[in-house]
Amino acid sequence: MERTYERLLTVEGLTTEFYTERGTVIAVNNVSYHIDSGEILGIVGESGCGKSVSQLSIMQLVPSPPGRVVSGKAEFMGVNLLQFKPKSREMCAVRGRDISMIFQEPMTSLNPAMSIGRQMAEVLTTHTGMSKNEALEKCADMLDQVGIADAKKRLKDYPHQFSGGMRQRVMIAMAMLCTPKLIIADEATTALDATIQAQLLELLYEMVSKHNIALTMVTHNLGIVARYANRVNVMYAGRVVESGTTKQVWANPLHPYTEGLISCVPKLGEKLEAIKGMPPSLINRPPTCPFLNRCKYRQACCFTEPVPELTEIEDGHSTTCLVRIKEAGKL
């Protein structure tokens, strides 16, 4: 099927906060990006940088309290999802039908007291009005597509009767049931061994390519993004610090943090490098660049001037690095 690229989701100024006894954590700080139909977008960064929270915010799944989306827009097919209440009929209709999410640990996403078939069929009966028997037929067919043998029989089994890799296959099948416009894969294969991880990533890639579905891959693994993603957003301390095509970001990283992430990718025969230092506190955020204390390219201006907005340096390739923006004459 020939792919068509149309703007599917546009996120503008997304800010999400968590209120704790120690203070307010700004987990997502003025994040803006977009994804088109049929496109694969990688969102990368180390743990705690806001990758997952940004996606949960769009889906209105941030636990409240303590979390709250305080500002921004998430226009999906022209409709701002953030105008709806989390449990509203409109938002519930979008989840599962138009946007599906595959979580990192399927054992906590699947109900241990319900059979796989019942959980999967519920998606179809809720969103499509199918009868229970029709839904179970489609569920069996989808399990077969994701490589689960004897699918009809396995519908009667419970999550604990499946291995970790098979549970994740069930999650992929469940995400595909309504043929959504967008799938968000939140560290979907991180807990699996390398062989199963590769199989599931190939399976997911084949499924979204076949149906022209947009896919957001949330991961800390830049190698996965380099293989599958069309574009990449690099996040650090709650902000997108670099954005561009995968080729642009990999060949010419504009932010020192991106350069550090690429250096952390294991290479045969080379010493594994690490990014020195620790991420900043998201409660007492520094007034200047949050990467300042870890950056080997810092200059005098970095200690005094505020962090710029995401600025385009070359066609489709943007960064928030003050030094690179000034070198390009964009500030």
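Higher on the page you've got the structure.
Quantities reported herein were computed from a predicted structural model and do not represent experimental measurements.

Once that is clear, we can look at the pairing of strand E1 (residues 7-20). Across ten bridges, the pairing between E1 and strand E2 (residues 23-36) is antiparallel. Residue pairing in the sheet places Phe 18 in a bridge with Val 25 of E2.

Another aspect to go through is the side chain of Asp 157. Checked against the element boundaries, Asp 157 lands in the loop between helix H6 (151-154) and helix H7 (164-176). In this structure Asp 157 comes out as buried when scored by relative accessible area, which is 17%. Of the polar contacts made by the side chain of Asp 157, one reaches the side chain of Arg 154; its length is 2.5 Å.

What follows deals with the packing of helix H4 (residues 116-127) against H7. For any two helices packed against each other, one specifies the inter-axial angle together with the distance between the axes. Axis separation between H4 and H7 bottoms out at 9 Å; the angle between their running directions is 20 degrees. By the criterion of interaxial angle, the relationship of H4 to H7 is roughly parallel. As for how H4 packs across H7, the hand of that crossing is right-handed. Residue-level inspection shows Ile 116, Gln 119, Met 120 and Val 123 of H4 in contact with H7, the latter providing Val 170, Ala 173 and Met 174. Among the residues making up the contact of H4 with H7, the classes are represented as six nonpolar, one polar and no charged.

Another aspect to go through is the side chain of Asp 186. Structurally, the position occupied by Asp 186 is in strand E7 (residues 182-186). Buried charge without a salt bridge: Asp 186, with Lys 51 as the nearest opposite-charge side chain at an N-O distance of 6.8 Å. Each residue touching Asp 186, except ones within four places of it in the same chain, is listed here: Ser 52, Met 101, Ile 102, Phe 103, Gln 104 and Val 218.

This part takes up the nonpolar core. Residues Leu 9, Met 120, Leu 143, Val 170 and Leu 182 are the most contacted members of the largest nonpolar core, which totals 93 residues. Considering each element in turn, this core owes the most residues, seven residues, to H7. Ignoring sequence-local partners within four residues, the contact set of Leu 9 consists of Tyr 33, His 34, Ile 35, Ile 58, Ala 74, Glu 75, Phe 76 and Leu 182. Residues Leu 292, Cys 301, Leu 322 and Val 323 belong to the second largest nonpolar core, which totals six residues.

This part is about the sheet that holds strand E3 (residues 40-44). Strand order in the open sheet formed by eight strands is E6-E7-E8-E3-E9-E10-E12-E11, and the pairing between neighbours is mixed. At either end of the open sheet lies a strand with only one pairing partner, and these are strand E6 (99-102) and strand E11 (311-314). Going from strand to strand, the sheet's axes swing by 20 degrees on average, the running direction of each strand aside. Alignment of E6 against E7, held across four bridges, turns out to be parallel. Looking across to E7, one finds that Ser 100 is bridged to Ile 183. The strands that helix H1 (residues 51-58) touches are E3, E6, E7, strand E8 (214-219) and strand E9 (231-236); relative to E8, the one it contacts most, it runs at about 145 degrees. Against the sheet, H7 makes contact with E6 and E7, and its axis sits at roughly 175 degrees relative to E6, the strand it touches most.

Below, the discussion takes up the environment of Tyr 228. Tracing the chain through its elements places Tyr 228 in helix H9 (residues 222-228). In the structure, Tyr 228 is positioned 187 residues away from Leu 41 in sequence and 8.7 Å away in space, judged by C-alpha atoms. Aside from chain neighbours lying at most four places away, what touches Tyr 228 is Ile 40, Ala 198, Leu 201, Glu 202, Tyr 205 and Met 217. Of note is the side chain of Tyr 228, whose polar atom sits 2.8 Å from the side chain of Glu 202.

This part covers the sheet that holds strand E4 (residues 67-76). An order of E2-E1-E4-E5 is seen for the four strands of this open sheet, with the pairing classed as antiparallel. Two strands close off the open sheet at either side, each with one partner strand: E2 and strand E5 (79-80). As paired elements, E4 and E5 share two bridges and run antiparallel to each other. Following the sheet pairing, Glu 75 is matched in E5 by Asn 80. Set on the sheet, H1 makes contact with E1, E2 and E4; between it and E1 the angle comes to about 110 degrees.

With that settled, the discussion passes to the packing of H7 against helix H8 (residues 194-210). Axis separation between H7 and H8 bottoms out at 11 Å; the angle between their running directions is 10 degrees. Our classification of the angle between H7 and H8 gives roughly parallel. Judged by residue contacts, Gly 165, Gln 168, Arg 169, Ile 172 and Met 176 of H7 engage Ile 196, Gln 199, Leu 200, Leu 203, Leu 204 and Met 207 from H8. Partitioned by chemical class, the residues of the contact of H7 with H8 number seven nonpolar, three polar and one charged.

What counts as what
- Once a new chain begins, its residue numbering starts again from 1 and follows that chain's sequence as written.
- Only residues with pLDDT of at least 70 are given local features in this predicted model, and only at 80 or more are side-chain atom pairs given and counted; all residues enter the totals for whole chains, interfaces and linings.
- Side-chain numbers here rest on the full set of heavy atoms in the structure, without hydrogens or water.
- Note: two strands are recorded as paired if DSSP finds a minimum of 2 bridges between them.
- Secondary structure counts use DSSP, requiring at least four H or I residues in a row for a helix and at least two E residues in a row for a strand, with both numbered from the N terminus.
- Burial classification: accessible surface area is computed with a 1.4 Å probe over protein chains only, and a residue below 20% of its type maximum counts as buried, one above 50% as exposed, and the rest as partly exposed.
- Here a polar contact is recorded for every N or O atom pair within 3.5 Å, except that within protein the pair must consist of a potential hydrogen donor and a potential acceptor, and residues adjacent in sequence are included only if both atoms are side-chain atoms.
- The convention used is that axes are lines fitted to C-alpha atoms, helices contributing only their stretch in contact, and that angles between N-to-C directions extend from 0 to 180 degrees.
- In what follows, roughly perpendicular refers to angles from 65 to 115 degrees, roughly parallel to angles under 35, roughly antiparallel to angles over 145, and oblique to any angle outside these ranges.
- Crossing handedness follows the turn of the near helix against the far one: under a right angle anticlockwise gives a left-handed crossing, and clockwise gives a right-handed one.
- Residue contacts are defined here by distance: any two heavy atoms, one from each residue, within 4.5 Å place the two residues in contact.
- Three classes are used, and their members are as follows: Ala, Val, Leu, Ile, Met, Phe, Trp, Tyr, Cys and Pro are nonpolar, Asp, Glu, Lys and Arg are charged, and the others, Gly among them, are polar.
- Residues scored as charged are limited to Lys and Arg (positive) and Asp and Glu (negative), so that His and the chain ends carry no count.
- For this document, the term salt bridge refers to a Lys or Arg side-chain nitrogen within 4 Å of an Asp or Glu carboxyl oxygen.
- By nonpolar core we mean a set of buried residues, namely Ala, Val, Leu, Ile, Met, Phe, Trp, Tyr and Cys, connected to one another through side-chain atoms within 4.5 Å.

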